[in-house]
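Structural overview
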Amino acid sequence: MATHQEEPELASISTNSPSTYGSVKDAKSNELAEAALKDALIPDKAPPQLGIPAVCWYILVVELCERLSFYTFAGSQEFFLEHIGFPLSAASALNATMWTLCTVLAVVASWAADVVFGRYHTILVSGLLYATGAGLAAAAAWPGLESQGLYFLGMLGFMPIATAGIKANISNFGADQYDPSHPGAAAGQEKFFSVFYCSINVGAGLAYGFFTTFAASGGLGVPKSYGYFTAYALMAACMMGAVGICWAGRRGYRVHPLLKRSALASTAECLVGCAASGSHRAAMVCFGVLLLCSSIVLSAMESLIPSMGMPMMMAAFCCAGVGVLAVTVLCVNSSWLTTSVDGAPTVEEQDTQKFIKLLPTLCMGSLSFGALYNSMQFWYQQQACQMDVRLGSMQLSGSFFNIADCFAIVLMTPVILNYINPFMEKKMGKIGHDIKFGIGMAVAGVSVLVAAKLEMMRKAAAVLPVQSNCAPPGVNMSDIQGAWMMVPYFLMGVAEIYTQPTLLHFAYSQSPPSMRTFAMAASFFIQAVSSALFALLVKALSSYIPNNLNDGHLEFGYYVNMAIGLVLFVPFVMALRMHEDAERAQAGSSA
């Protein structure tokens, strides 16, 4: 997350020889052959590969451009929709729907890159689609036109596909550029991921620090009425530049051959095969996954077709609830996943068993933190818009203050890793996943409480005779400085440092090598479910969150999200400890 739910995937690096996710036996044979080849070819004192290969800088620039564009659109979308007549609740729900689509399609994009197109071509084509979607949004924002149809075609048609294609593959593609035969490749990868993470924050910081405000208010000689058009046109040009940069490095990239089989196909085949063999648990898990997919589709439809109203909303909530219950309860113990008569799983089924045992922890972790994080992602900026956001003769956008979240991650990550965590481990011993995630949840809870307190202070303040550029038309600012919103934004950034890397490390370290890419894709899918549920929650609370927040109770929404996060945190801890206990028991029996 900010880093916004875009943390790089810590993928293992494949070699140039074809491999298959679906067969661990073949993978082990490949590893033996590769080890023999390394012994024969690598000198005893091979130079360490600690730097960043030149071609990786092309990739980093592409990521920066993509994140700059994405957060410019995401950070200004609610304001633009309100500008063209959408109520605040509908604008928030549509913004959450775009996030949901961008996230859920990452599963498909990662599969396509592995077995259909390859990572390089997937990124290149996605960049072109991205530039097209941005161009359509710019055309839709032309003063006097302001076409809803063109805008939705660009933002809900092209943008999710393009974002998913880049998001699911670019960090892995950067890691592919390291030669695994060098003994220092792992250290080089670690450095690359750190710089990659910073590039995300640089892009997000530029978007929130300047372009979202520029879109809503204009500036630098651009009239306010042309702000959205100019900002979106610049993002289209930026993505065309990213495509050119990606293409320019084509002769230097290490491009690996397509895989014969994806982890997605392997997992689906195992589950369906077990269900066909009479396993009721396998059938229920398959049904649960289908329900989760249905909840995402229904949530998007409810946002796009408001006339469907309460029936669609209730159907989406029910699908999500039953789907989450099926996946979390039935996957805690995955020993039932086998088609063998004697109950002994095949090698492929063993990998699938290990993978689906991770799902309860990943699901509950993502949903519990997502309840708090979504408060920041979609409501903090709306609250800020009704505060005093004037800076001299111009007005800042409410999403400008998101730079505090980016700043917190850049500033506090080295402090936490080098000082705070070592100090706590010295006093308490080794800090496990549950404690780290719990710290993040506590800080995120404080962030939401601070935002709720600031909202009550804002409502008690006098209303200024100045309309806000980023609030719905006709809504004035309150006499309280918008800069106060940097406090909850900063706290949420600190919370992300503890929660997101914890989930990523858990997924990576506990997944079989053949399933690591798919484990990250599954995390993206769960984040999509979280965003979909939040879009429904916004609609359910719409009577408390009107266009003019002075007439509602936004703080009620914050309290509801805190309650949801706390309720879901308990099963997260239970699932995590059950998984760790089972792993320790298995390790003890093996010894």
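Residues numbered from 1 in each chain as written. Predicted model: local features only at pLDDT ≥ 70, side-chain atom pairs only at ≥ 80, totals over all residues. Heavy atoms only, no water.

For the record, the criterion: UniProt positions are given in the numbering used here, feature names are shortened, and annotations may be inferred rather than shown by experiment.
What the UniProt record of the protein chain gives under Sequence similarities (unreviewed entry) is the line "Belongs to the major facilitator superfamily. Proton-dependent oligopeptide transporter (POT/PTR) (TC 2.A.17) family." According to its UniProt record, the protein chain has this under Subcellular location (unreviewed entry): "Membrane".

Some words on the overall build of the protein chain
Stated precisely, the cut-off is as follows: Secondary structure elements follow DSSP: runs of H or I no shorter than four residues count as helices, runs of E no shorter than two count as strands, and numbering proceeds from the N terminus. Residues count as neighbours in contact if any of their non-hydrogen atoms are within 4.5 Å of one another. Method for areas: the Shrake-Rupley scheme with a 1.4 Å probe, in which residue coverage is limited to the protein chains shown.
Scanning the protein chain for helices and strands turns up 18 helices and four strands. Considering only residue pairs separated by 6 or more positions, the protein chain has 84% of its internal contacts joining residues 24 or more positions apart. For the protein chain, the exposed surface amounts to about 23000 Å²; the carbon and sulfur share of it is 68%.

Here we look at the nonpolar core
Soluble, globular proteins show a tendency: their nonpolar side chains are buried together. The line we're drawing: Definition used in this section: a nonpolar core is a set of buried Ala, Val, Leu, Ile, Met, Phe, Trp, Tyr and Cys residues joined via side-chain atoms within 4.5 Å. Burial classes follow relative accessibility: with a 1.4 Å probe on protein chains only, a residue under 20% of its type's maximum area counts as buried, one over 50% as exposed, and anything between as partly exposed.
Met98, Tyr232, Tyr380 and Met492 are the most contacted members of the largest nonpolar core, which has 161 residues in total. Counting residues in hydrophobic clusters, the runner-up holds seven residues, among them Leu298, Ala316, Cys319 and Leu536.

Things to note about the layout of surface pockets
The test is simple: Grid points spaced at 1 Å over the protein atoms alone were grouped into cavities, where a 1.4 Å probe fits but cannot get out, and pockets, open sets with protein on both sides within 12 Å along at least five of seven lines, with lining residues defined by an atom within 4 Å of a point. Grid points are joined across faces, edges and corners, and a volume is the space filled by probe spheres set on the points. Classes in brief: Ala, Val, Leu, Ile, Met, Phe, Trp, Tyr, Cys and Pro nonpolar; Asp, Glu, Lys and Arg charged; the others, Gly included, polar.
The space that makes up the second largest pocket amounts to roughly 570 Å³. Residue assignment for the lining of the second largest pocket shows that the elements contributing at least two residues are α3 (88-115), α9 (263-276), α10 (280-304), α12 (347-356), α13 (359-385) and α17 (516-540). Classifying every residue of the lining of the second largest pocket by side-chain character gives 23 nonpolar, one polar and no charged.

Let's talk about the packing of α3 against α13
Counted only if it meets this: Here the axes come from fitting lines to C-alpha atoms, over the contacting stretch only for helices, and the angles between their N-to-C directions go from 0 to 180 degrees. Each crossing gets its hand from how the near helix is turned against the far one by less than a right angle, where anticlockwise is left-handed and clockwise is right-handed.
Close contact between α3 and α13 brings their axes to 10 Å; oriented N to C, the two are set at 145°. α3 and α13 meet at a crossing whose hand is right-handed. The segment α3 lies against α13, with Leu88, Ser92, Asn95, Ala96 and Trp99 engaging Gln377, Phe378 and Gln382. In the contact of α3 with α13, the residues fall into four nonpolar, four polar and no charged.

What to know about the pattern of salt bridges
The criterion, for reference: For this document, the term salt bridge refers to a Lys or Arg side-chain nitrogen within 4 Å of an Asp or Glu carboxyl oxygen.
Under the defined criterion, the tally for this structure stands at five salt bridges. As a salt-bridge pair, Asp388 and Arg390 come within 3.0 Å of each other at their nearest N and O atoms. When the shortest N-O distance is used, the salt bridge between Glu455 and Arg458 registers 2.9 Å. Here the residue Glu455 and the residue Arg458 both occupy positions in helix α15 (residues 433-460), the gap between them amounting to three residues, near one helical turn.

Looking at the packing of helix α4 (residues 119-140) against helix α5 (residues 148-167)
Going by this rule: Put simply, angles under 35 degrees are roughly parallel, angles over 145 are roughly antiparallel, angles from 65 to 115 are roughly perpendicular, and the rest are oblique.
Here α4 crosses α5 at 160°, and the two axes come no closer than 8 Å. On the basis of the axis angle, α4 is roughly antiparallel to α5. Of the two possible hands of crossing, α4 and α5 adopt the one that is left-handed. From α4, Thr122, Ile123, Ser126, Gly127, Leu129, Tyr130, Thr132, Gly133, Leu136, Ala137, Ala139 and Ala140 reach across to α5, where they touch Leu150, Tyr151, Leu153, Gly154, Met155, Phe158, Met159, Ile161, Ala162, Thr163, Gly165 and Ile166. Looking at the contact of α4 with α5 residue by residue, the class counts come to 16 nonpolar, eight polar and no charged.

Observations regarding unusual backbone geometry
Residues other than glycine seldom take positive phi values, yet Glu146 does so here, at roughly 40°. A relative accessible area of 29% places Glu146 in the partly exposed class.

Observations concerning the packing of aromatic side chains
Note the following rule: Stacked, edge-to-face and tilted are the three classes for Phe, Tyr and Trp ring pairs, Trp counted by its six-membered ring, which pair at centre distances within 6.5 Å; planes under 30 degrees apart are stacked, over 60 edge-to-face, the rest tilted. Charge-over-ring contacts are defined here by two conditions on Lys NZ or Arg CZ: a distance within 6 Å of the ring centre and an angle within 35 degrees of the ring normal.
In this structure the tally under the stated criterion is 26 aromatic pairs. Ring plane angle 65° and centroid distance 6.0 Å describe the contact between Tyr151 and Phe152, whose orientation is recorded as edge-to-face. Accessibility expressed as a relative area gives 0% for Tyr151, which makes it buried. Aromatic side chains Tyr380 and Tyr489 sit 5.3 Å apart centroid to centroid with 80° between the ring planes, which places their arrangement in the edge-to-face category. One end of the pair, Tyr380, is in helix α13; the other, Tyr489, is in helix α16 (residues 486-510), and 109 residues separate them in sequence. In terms of burial, Tyr380 and Tyr489 fall into one category: buried. An aromatic cluster of at least three residues, connected via ring pairs, comprises Phe73, Phe80, Phe86, Tyr151, Phe152, Tyr228 and Tyr232. The positively charged end of Arg250 is found above the aromatic ring belonging to Trp247, 3.5 Å away from the centroid.

Details of the environment of Lys260
Of note, Lys260 is situated in the loop between α8 (227-248) and α9. The spatial distance from the C-alpha of Lys260 to the C-alpha of Val116 is 9.5 Å, given a sequence separation of 144 residues.

Quick word on the side chain of Thr499
The following threshold applies: Any N or O atom pair separated by 3.5 Å or less is treated as a polar contact, with the protein-specific requirement of one donor-capable and one acceptor-capable atom, and with residues adjacent in sequence counted only for side-chain atom pairs.
Residue position: Thr499 is located in helix α16. Side-chain polar atoms of Thr499 contact the side chain of Gln500, separated by 3.2 Å. When sequence neighbours within four positions are dropped, the list of residues in contact with Thr499 reads Phe369, Phe437, Gly440 and Met441.

Topic: the environment of Asn95
Along the chain, the position of Asn95 falls in helix α3. Those residues within four positions of Asn95 in sequence are excluded, and the remaining contacts are Ala74, Gln77, Glu78 and Phe378. There is a polar contact of 2.7 Å between the side chain of Asn95 and the side chain of Gln77.

Quick look at the side chain of Thr122
With respect to the element layout, Thr122 can be found in helix α4. Not counting residues up to four positions away in its chain, the partners in contact with Thr122 are Ala113, Phe117, Gly165 and Asn169.

With respect to the state of the cysteines
Condition: In plain terms, two cysteine sulfur atoms within 2.5 Å form what is called a disulfide here.
Inspection of the entire model under this criterion finds zero disulfides. Distance from the sulfur of Cys319, which forms no disulfide, to the nearest cysteine sulfur (Cys318) is 7.1 Å. Given a relative accessible area of 14%, Cys319 falls into the buried group.

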